[in-house]
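# A look at the structure
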Amino acid sequence: MNLIEQLGKENGKKTVPSVRVGDTVRVHYLIKEGDKERVQPFAGTVIALRGRGIARNVLVRRLVQGEGVERIFPLHSPRVKEIEVMRRGDVRRAKLYFLRDRVGKKTRVDELLGERARRFDQAGEVNAAADLSGAPSVDKTDPQPVQV
């Protein structure tokens, strides 16, 4: 294990939310105003995931008064208090940069429902644990069948 992986294991969060591209999420972010701190939610669609291990980032986009706003949130940052997945997106791309050119209802992403959503949730939990431990992750595009 190299030094960066070791530092990531020591300093990273123990549980990382299973977030995928296309998901609609609410990120609870700690902001500082003067000498006060408060948690402000930022809700939007995940359009990209970057990095790995402790350097993992999530790019979230939302529309505010007709203008697109994007923010990059480091998953292991102490300022990110919680990432809440509101709905799972059914997408076929790794990056959703094409949503930047769209306005209104065209920015909608289909929702992932039923058995496929449960499979992706379980695969995401395995991948989040593997991301911290350095073990190989499970392929997210073709999840394993679930025993019921």
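Below you will find a few notes about this structure. (Residues numbered from 1 in each chain as written. Predicted model: local features only at pLDDT ≥ 70, side-chain atom pairs only at ≥ 80, totals over all residues. Heavy atoms only, no water.)

Per the secondary structure count, the protein chain includes two helices and five strands. Order of helices (α) and strands (β) in the protein chain, N terminus to C terminus: α-β-β-β-β-β-α. Burial statistics for the protein chain: of 148 residues in total, 34% are counted as buried. In the protein chain, the proportion of contacts linking residues at least 24 apart, taken out of those at least 6 apart, comes to 53%. Surface summary for the protein chain: the accessible area is close to 9800 Å², and the carbon and sulfur share equals 49%. (Helix = DSSP H or I, 4+ residues; strand = E, 2+ residues; numbered from the N terminus. Buried < 20%, exposed > 50% of the residue type's maximum accessible area, 1.4 Å probe, protein only. Contact = heavy atoms within 4.5 Å. Areas by Shrake-Rupley, 256 points an atom, 1.4 Å probe, with all protein chains shown as cover.)

Let us look at the pattern of salt bridges. Per the counting criterion, the structure on display carries seven salt bridges. Between Glu84 and Arg26 there is a salt bridge, with its nearest N and O atoms 3.4 Å apart. One end of the pair, Glu84, is in strand β5 (residues 80–87); the other, Arg26, is in strand β1 (residues 24–33), and 58 residues separate them in sequence. A salt bridge links Glu33 to Arg38, with the shortest nitrogen-to-oxygen separation between them at 3.1 Å. (Salt bridge = Lys/Arg side-chain N within 4 Å of Asp/Glu carboxyl O.)

Across a sheet, paired strands are connected by hydrogen bonds in the backbone, their directions being either parallel or antiparallel. Taking strand neighbours across the sheet as the criterion, the five strands line up as β4-β3-β2-β1-β5 in an open arrangement whose pairing is antiparallel. Only two strands of the sheet have a single neighbouring strand rather than two, namely β4 (67–74) and β5. Across the sheet, the mean angle separating the axes of adjacent strands is 40 degrees when strand polarity is ignored. The sheet contact formed by β1 and β5 spans six bridges and is antiparallel. Bridge pairing in β5 places Arg26 opposite Glu84. (Pairing = 2+ DSSP bridges. Axes fitted to C-alpha atoms, helices over the stretch in contact; angles between N-to-C directions.)

Turning our attention to the pairing of β1. A large share of β1 lies buried, amounting to seven of its 10 residues. With 10 bridges joining them, β1 and strand β2 (residues 36–50) adopt antiparallel strand pairing. Across the sheet, the residue bridging to Arg26 is Ala43, located in β2. Hairpin connection, β1 to β2: the antiparallel pair is bridged by two residues, and Gly34 has positive phi, about 70 degrees.

Right, let's get into the packing of aromatic side chains. Per the counting criterion, the structure on display carries two aromatic pairs. An angle of 65 degrees between the planes, with centres 5.3 Å apart, marks the rings of Tyr29 and Phe73 as edge-to-face. Of this pair, Tyr29 sits in strand β1 while Phe73 sits in strand β4, and the two are 44 residues apart along the sequence. The pair formed by Tyr29 and Phe73 is uniform in burial state, with each residue classed as buried. An aromatic cluster is built from Tyr29, Phe42 and Phe73, whose rings are joined through pairwise contacts. We note Arg71 situated over the ring of Tyr29; from NZ or CZ to the ring centre the distance is 4.8 Å. The side chain of Arg71 reaches across the aromatic face of Phe42, ending 5.9 Å from its centre. (Phe/Tyr/Trp six-rings, centres within 6.5 Å; stacked < 30°, edge-to-face > 60°. Lys NZ or Arg CZ within 6 Å of the ring centre and 35° of its normal.)

For the rest of this paragraph, the subject is the nonpolar core. The biggest cluster of nonpolar side chains holds 22 residues, and the ones touching the most others in it are Val25, Val27, Val46, Val58, Val60, Phe73 and Ile83. Looking at this core, the elements with two or more residues in it are β1, β2, β3 (57–64) and β5. With five residues, β2 is the single largest residue contributor to this core. Residues in contact with Val46, not counting those within four places in the same chain, are Val19, Arg20, Val21, Gly22, Asp23, Val25, Val58, Leu59, Val60 and Leu96. (Core = buried A, V, L, I, M, F, W, Y, C linked by side-chain atoms within 4.5 Å.)

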